[in-house]
Amino acid sequence: MKGKHVTIIGGGPAGMQAASQLSELGIEVLLIEKDNKLGGKLNQWDRLFPDQTPSMTLLKELQNAIEKSKVTIRLNTEVQKISNLTHGFDILLNAEETQHSDAVLLTTGFELFDARLKEEYGYGTYPNVITSSDLEKLFREGQPLTTAEGRTPSKIAFLHCVGSRDEKVGQFHCSRVCCITGVKQAIEVKQALPECEVYNFYMDMRMFGAGYEELYREAQEKWGITFIRGRISEAALNQENRIQIKAEDTLAGRPVRLSVDLLVLLVGMTASPCNKALAATSGAELRSNGFFNPVDPFNHSVESAIPGLYFAGTCTAPRNIGETLMEAGSAALKIHKFLLQND
Ligand SMILES: Cc1cc2nc3c(=O)[nH]c(=O)nc-3n(C[C@H](O)[C@H](O)[C@H](O)COP(=O)(O)OP(=O)(O)OC[C@H]3O[C@@H](n4cnc5c(N)ncnc54)[C@H](O)[C@@H]3O)c2cc1C
Ligand code: SF4
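Residues numbered from 1 in each chain as written. Chains lettered and ligands numbered in written order. Predicted model: local features only at pLDDT ≥ 70, side-chain atom pairs only at ≥ 80, totals over all residues.

**Quick notes on the packing of helix H4 (residues 178-192) against helix H5 (residues 212-221)**
Operational definition: To get an axis, fit a line to the C-alpha atoms, keeping to the stretch in contact for a helix; angles then go from 0 to 180 degrees between the N-to-C directions. Numbering of helices and strands runs from the N terminus, with a helix taken as a DSSP run of H or I at least four residues long and a strand as a DSSP run of E at least two residues long. Comment on the angle field: the value is read as roughly parallel under 35 degrees, roughly antiparallel over 145, roughly perpendicular from 65 to 115, and oblique elsewhere. Less than a right angle of anticlockwise turn of the near helix away from the far helix marks a crossing as left-handed, whereas a clockwise turn marks it as right-handed. Placing C-beta atoms from the backbone, we regard two residues as in contact once those atoms come within 7 Å. Any residue outside Ala, Val, Leu, Ile, Met, Phe, Trp, Tyr, Cys, Pro, Asp, Glu, Lys and Arg is labelled polar, Gly included; the first ten of those are nonpolar and the last four are charged.
At a minimum axis separation of 10 Å, H4 and H5 run at an interaxial angle of 40 degrees. Regarding the angle of H4 to H5, the classification is oblique. Regarding H4 and H5, the two cross each other, and that crossing is left-handed. In contact with Ile180, Val183, Lys184, Ala186 and Ile187 of H4, H5 contributes Tyr212, Leu215, Tyr216 and Ala219. For the contact of H4 with H5, a count of residues per class yields 8 nonpolar, no polar and 1 charged.

**Thoughts on the nonpolar core**
Note the cut-off: By our criterion, buried Ala, Val, Leu, Ile, Met, Phe, Trp, Tyr and Cys residues that link up through C-beta atoms within 7 Å make up a nonpolar core. Exposure in this text rests on C-beta crowding, where 20 or more other C-beta atoms within 10 Å of a residue's own make it buried, 12 or fewer make it exposed, and counts in between make it partly exposed. The C-beta atoms are placed from the backbone.
Among the nonpolar cores identified, the biggest contains 46 residues, and Ala18 and Leu105 are the most heavily contacted of them. If you tally residues by element for this core, the top one is helix H7 (residues 321-341), at 7 residues. Non-local contacts of Ala18, meaning those with residues more than four positions away in its chain, are made with Ile8, Leu105, Thr107, Ala312, Ala328, Ala331 and Ala332. Counting residues in hydrophobic clusters, the runner-up holds 41 residues, among them Val129, Ile187, Leu265 and Leu266.

**A short note on the site of ligand 2**
In plain terms, the rule: A molecule or strand has a residue near it when that residue's C-beta atom, placed from backbone coordinates, lies within 6 Å of it.
Around ligand 2, the surrounding shell holds 14 residues, and the nearest of these are Cys161, Ser164, Cys174, Cys178 and Cys179. Secondary-structure elements contributing two or more residues to the shell around ligand 2 are strand E12 (155-162) and H4. Looking at the shell around ligand 2 residue by residue, the class counts come to 6 nonpolar, 4 polar and 4 charged.

**Examining the domain arrangement of the protein**
Accessible area lost on assembly of the parts is the figure often given for the size of an interface. The line we're drawing: Domain delimitation follows an automatic or database domain assignment.
Per the domain assignment, the segments of the protein are domain 1 (5-109 + 272-341) and domain 2 (115-269). The straight-line distance from the C-alpha centre of domain 1 to that of domain 2 is 32 Å. With 11 residues of domain 1 at the interface, the matching set in domain 2 holds 20 residues. Classifying every residue of the side of domain 1 that touches domain 2 by side-chain character gives 4 nonpolar, 4 polar and 3 charged.

Structure representation (structure tokens):
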């Protein structure tokens, strides 16, 4: 593998995992991250589902592997152009600098849905309407769970599928991680405030992963969290300065009116905006929702149709961290094989 070079674009969990594994296989690796630190969304979460592992524990593990490897890291660099050459790729680092590589791995991840686009929920207007990401920030910073006015909440509602499975905002896909995030965060609220009533409004509960269904049962049986099948149609401020929500319980077939101290919007995953430019310049294919489209979802789920150009993690579709890390390992092995065949 001497002299072979791979550039990885995106230093989240997928990029970090693939970088250290490729380096262990004797390949020269450049890991590029647009932020000023590695870790991607791990820097934004507190305790991870399904088992409440602190995100920092996992981040340290990934960082240790990188530190032991010979990976070259470049921070504060956003890649917007990849030229696909007859032999390898030229990756534009800035106006004057280009990196030549034999293979490229795209690990550009996802962006959180902008909850302001769902105006009916009042995010950005009512300070007591927050997102799941805002709640993670409160937990991570060890701040007390209070309303914007400093009151201890007695009722909190979570709303599932915000910016996912929603034709109105052009996001048809299920983001896969927000149901379990809603269950995990509802339990965390009860752990912090046992007296607080917690309600989750959902369309369907998608508990596909190991331990998820068990956590959902625990949320109901041990923590007394109420799950209501129905979408909130509107959130408004009432005279007591609380959030008045209107919904329909579609199982019971009756309207629900509830005033809560905090409304938490479980925001979904959208495609990274840089994917368009990267696809246009490299020839990689995009799905209609802006995520990259691999050759197939089976044996070639980390491969593009361009020889030497690979994907891993949430740049192709919503995934949890376990799935992301597995894909990154798989992409590293595929790239290794590709480089051996083209030696
Ligand atoms: C609210 C919420 C909570 C979650 N909690 C959990 C949890 O508890 N447990 C779990 O298993 N999963 C959880 N997830 C899912 C988890 O966040 C993802 O599985 C994981 O972050 C995917 O890693 P990634 O490397 O694919 O993407 P990201 O974490 O998005 O990393 C991508 C990186 O690429 C960088 N980048 C993007 N474009 C460029 C570019 N052009 N040039 C250079 N750098 C670039 C970004 O800055 C970022 O650092 C959660 C998701 C959400 C939305
Ligand atoms: S995981 Fe649950 S909350 Fe998220 S989009 Fe899918 S159904 Fe909706």
